[in-house]
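# Overview (structure and organization)
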Amino acid sequence: MNDRQTDQSRLPAKIPVVSSLLHCISMTGIVFLRSGFGYLFLRPKSVFIAFAWAMTLYTIYAINEPAVWRTSAPICVFGMLAAILYLSHLAAAVASQLRRKAAHDQHSGTSHMFHLMRLLKLEPSEQTESKIHLWVEPGVIFAASVLLRIPLGNNRVSGWLGFVAVCLWLKEAINYWAALRLRKRQEDIFDDAEETVAPVDALREAALPSATRKPRTKRTRTQS
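The structure reproduced in this document is the subject of the present report.

## Examining the overall build of the protein chain
Helix and strand counts for the protein chain stand at 7 helices and 2 strands. Taking all 224 residues of the protein chain together, 27% fall into the buried category. For the protein chain, the proportion of contacts with a sequence separation of at least 24, taken over those separated by at least 6, is 71%. Of the roughly 16600 Å² of accessible surface on the protein chain, a fraction of 62% belongs to carbon and sulfur atoms.

Structure follows, in structure tokens:
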């Protein structure tokens, strides 16, 4: 019984190196848009914690140098907000695990828009949330990039947010395609099972096997 009708290997949902880079870049925008992340989704922690520490040191340096602060204030504010939000989400994920109420470790978080729709009693579906991740959130980041281009006086934050929007869309597009392929594989497995299993009606109409046991016979006793 070791034969298998289908390949049971797990469908990879990542592109080596590319997916990791898209994840790291997208996280600087995702932390503003979602909550309730899984612990492992916040990896690589060494990179993000190091970024938060470096951003803190640079912000302190810029504050003490007026000339640097005039040109670096927007990027410092954005970087510190992203670092604080990341550490807050990480602390919340650890606290949820300690309370044994944590979501799946790979959970990508729940969009604030999804929570807002629930508060408005719209009862969105999982397909709606996937569309929010794929189209709405990258669109929000791109809109923020366009709106911040003029008042900031420089294009560093605006350009980074535009780059983040593209990376986030690519990341969610990969996840969406992997989910489609996984769903198709599951449907194929069910179709194969239906083709190999006999219909219930045919089993009911099948004739029962005839009895092969001989009837009991009473033997006559012999008297000596």
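## Structural notes on empty space enclosed by the protein
According to the stated counting rule, one finds 1 cavity of 30 Å³ or more in the structure shown. Counted as a void, the largest cavity has a volume near 60 Å³. M27, T28, V31, F48, F51, A82, A83 and Y86 together form the lining of the largest cavity. Of all the secondary structure elements, the ones that give two or more residues to the lining of the largest cavity are α1 (18-33), α2 (45-64) and α3 (66-98). In terms of residue class, the lining of the largest cavity is built from 7 nonpolar, 1 polar and no charged.

## Focus on the packing of α1 against α3
Two numbers describe how α1 lies on α3: the axes approach to 9 Å, and their chain directions differ by 70 degrees. It follows from the interaxial angle that α1 and α3 lie roughly perpendicular. Here α1 runs over α3; the crossing is left-handed. Of α3, the residues touching α1 (which contributes M27, T28, V31 and F32) are F78, L81, A82, L85, Y86 and H89. Grouping the amino acids of the contact of α1 with α3 by side-chain chemistry returns 8 nonpolar, 2 polar and no charged.

## Points about the nonpolar core
Counting residues in each nonpolar core, the largest one holds 22 residues, and the members touching the most others are M27, L42, Y86 and I141. Residue assignment for this core shows that the elements contributing at least two residues are α1, α3 and α6 (156-196). Every residue in contact with L42, bar those within four places of it in the chain, is listed here: M27, F37, F48, Y86, H89, L90 and A93.

## Comments concerning the packing of aromatic side chains
Working definition: an aromatic ring pair is given by the centre-to-centre distance plus the angle between the planes. Applying the stated criterion across every chain, the model contains 6 aromatic pairs. An angle of 15 degrees between the planes, with centres 5.6 Å apart, marks the rings of F32 and F78 as stacked. With F32 in helix α1 and F78 in helix α3, this residue pair connects regions lying 46 residues apart in the sequence. Residue class for F32 comes out partly exposed when judged on its relative accessible area of 30%. The interplanar angle of 55 degrees and the centroid separation of 5.9 Å between the aromatic rings of W135 and W169 together place this pair among those described as tilted. Pair noted here: W135 is in helix α5 (residues 126-148) and W169 is in helix α6, with a separation of 34 residues, a long-range link. Overall, W135 belongs to the exposed group, its relative accessible area being 54%. Given a relative accessible area of 34%, W169 falls into the partly exposed group. Directly above the aromatic system of Y39 lies the positively charged group of K45, at a separation of 4.2 Å from the ring centroid.

What counts and how
- Residues numbered from 1 in each chain as written.
- Predicted model: local features only at pLDDT ≥ 70, side-chain atom pairs only at ≥ 80, totals over all residues.
- Heavy atoms only, no water.
- Helix = DSSP H or I, 4+ residues; strand = E, 2+ residues; numbered from the N terminus.
- Buried < 20%, exposed > 50% of the residue type's maximum accessible area, 1.4 Å probe, protein only.
- Contact = heavy atoms within 4.5 Å.
- Areas by Shrake-Rupley, 256 points an atom, 1.4 Å probe, with all protein chains shown as cover.
- 1 Å grid on protein atoms, 1.4 Å probe; cavity = no way out; pocket = protein on both sides within 12 Å on 5 of 7 lines; lining within 4 Å.
- Points joined across faces, edges and corners; volume = space filled by probe spheres on them.
- Nonpolar A, V, L, I, M, F, W, Y, C, P; charged D, E, K, R; others polar.
- Axes fitted to C-alpha atoms, helices over the stretch in contact; angles between N-to-C directions.
- Parallel < 35°, antiparallel > 145°, perpendicular 65-115°, else oblique.
- Left-handed = near helix turned anticlockwise from the far one by under 90°.
- Core = buried A, V, L, I, M, F, W, Y, C linked by side-chain atoms within 4.5 Å.
- Phe/Tyr/Trp six-rings, centres within 6.5 Å; stacked < 30°, edge-to-face > 60°.
- Lys NZ or Arg CZ within 6 Å of the ring centre and 35° of its normal.

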